[in-house]
Amino acid sequence: MRYTGWSIIERFTVAPYLNWAVLPDCTQTDQYCSASDGATVHSFQTWDSNNPWVDWTISSNAKGADPADPDKVLYHDWHWRGEGSGGDFIYTPVLSRDYGLRCDSANYFSLFGFPYPAACIFNDVIPHLQYDISDGRVTTVARHIQDAQDRPDTTYPTEDYAKLIPGKFTGDRDSPGLHRVPGDGSIKADNTRFKDAACLRTPPYENTGLPAPPVAGVEDCDEYPFATTEEGAANYFYDFSVRAVPRGQNRSAGGLLNWYYFRDRVLYFQNDEFYTEIRP
């Protein structure tokens, strides 16, 4: 805590014992965003030295969403408000910058059989899935994705032009990203069909696919972009990569992808764009 403008005596004898209240507010004044639980009040000394953990609730009312939107998506902005009290001082409330909040009522999220039909996420951060090459569960898959992103022309199926494979996390929202699709839908089925053709060197990849198919029972054919994205193997505008990888690692990477979809509440189709970051 900084006591700018206070004398040395005031900093140690007055300021620490004044109160500071913190609470969240919805920036928009409509009825569909609300903040509850009221303000939390501590002395400056307590805020400064004890670092108390505090929680508040910001709620979104799905009635404000477009009735035609099956996911009932709403976007809100919110901020912190701080107010001082105590002593014979005039206090000017201060506001933090606005933060983004996205809420939905999508009905396709569940964990261990329990549905999660509504949730909110902070949407200021660019959503990105992370795989670590040092993580032995997914090392080979991570290296495959890294090669697809950084050296696409070294990957299969080969092409006679510069391959364009999207989804690399650059920290820039203007970079081409990925969009999730249903795991039981036609796009995913088409992606899988093209991926299999490239892995098994069958038309239209009989001359450009993997030189040797994955070893049955030992390896899987891994693809990037993921089969559960619009940008997968069947996408007309982007290229893709396939590689034989250890079956266990492929299954682990798939499990982490599904966990990421759940944890970051990645919606289907154009509502959410996400990226993949490969770390050492």
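Values in this document were obtained by computation on a predicted structure and should not be read as measured data.

Structural notes on helix 4 (residues 186-200)
Then, number 1: In this model, helix 4 (15 residues) spans 21 Å end to end at C-alpha, consistent with the 21 Å of a helix rising 1.5 Å per residue.
Then, number 2: Buried within helix 4 we find Asn 191, Lys 195, Ala 197, Ala 198 and Cys 199.
Then, number 3: At its buried positions, helix 4 is contacted by strand 12 (219-224) and strand 13 (241-246).

Concerning the pairing of strand 12
Then, number 1: Most of strand 12 is tucked away, with five of its six residues classed as buried.
Then, number 2: Bridge count for strand 12 against strand 13 is six bridges, and the pairing is antiparallel. Looking at the pairing, Glu 219 lines up with Pro 246 of strand 13.

Observations regarding the side chain of Asn 191
Then, number 1: Checked against the element boundaries, Asn 191 lands in helix 4.
Then, number 2: With relative accessibility at 1%, the residue Asn 191 sits in the buried group.
Then, number 3: Every residue in contact with Asn 191, bar those within four places of it in the chain, is listed here: Phe 226, Ala 227, Thr 229, Gly 232, Ala 233, Ala 234 and Asn 235.

Re a nonpolar patch on the surface
Then, number 1: Taken together, the side chains of Phe 112, Phe 114 and Tyr 116 make up a nonpolar region of the molecular surface, amounting to roughly 420 Å² of accessible area.
Then, number 2: Tracing the backbone through its elements, the reader meets Phe 112 in the loop between strand 8 (110-111) and strand 9 (114-115).
Then, number 3: For Phe 112, a relative accessible area of 76% translates into the label exposed.

Remarks on helix 3 (residues 139-150)
Given 3.6 residues per helical turn, the α-helix brings residues three or four places apart onto the same face.
Then, number 1: With 12 residues, helix 3 extends 16 Å from end C-alpha to end C-alpha; this agrees with the ideal 16 Å at 1.5 Å per step.
Then, number 2: Turning to helix 3, its buried residues number three or more, namely Thr 139, Val 141, Ala 142, His 144, Ile 145, Asp 147, Ala 148 and Gln 149.
Then, number 3: Packing partners of the buried residues in helix 3 comprise strand 11 (128-132), strand 12, strand 13, helix 5 (247-263) and strand 14 (275-279).

Quick word on the state of the cysteines
Then, number 1: Counted under the stated rule, the structure contains three disulfides.
Then, number 2: Through a disulfide, Cys 26 is tied to Cys 33; the S-S separation comes to 2.0 Å. Residues Cys 26 and Cys 33 are joined by a disulfide whose S-S torsion is about -75°; by sign, that bridge is left-handed.
Then, number 3: Looking at Cys 26, the relative accessible area reads 14%, which means it is buried.
Then, number 4: Each sulfur in the disulfide pair Cys 199 and Cys 221 lies 1.3 Å from the other. You can see Cys 199 sitting in helix 4 and its partner Cys 221 sitting in strand 12, a full 22 residues away along the chain. Comparing Cys 199 with Cys 221 shows no difference in burial state: the two are buried.

Reading the values: rules and limits
- Residues numbered from 1 in each chain as written.
- Predicted model: local features only at pLDDT ≥ 70, side-chain atom pairs only at ≥ 80, totals over all residues.
- Heavy atoms only, no water.
- Helix = DSSP H or I, 4+ residues; strand = E, 2+ residues; numbered from the N terminus.
- Expected span 1.5 Å × (residues − 1).
- Buried < 20%, exposed > 50% of the residue type's maximum accessible area, 1.4 Å probe, protein only.
- Contact = heavy atoms within 4.5 Å.
- Pairing = 2+ DSSP bridges.
- Patch = residues over 30% accessible without salt bridge, like charges linked within 9 Å, V, L, I, M, F, W, Y side chains within 5 Å.
- Areas by Shrake-Rupley, 256 points an atom, 1.4 Å probe, with all protein chains shown as cover.
- Salt bridge = Lys/Arg side-chain N within 4 Å of Asp/Glu carboxyl O.
- Disulfide = S-S within 2.5 Å.

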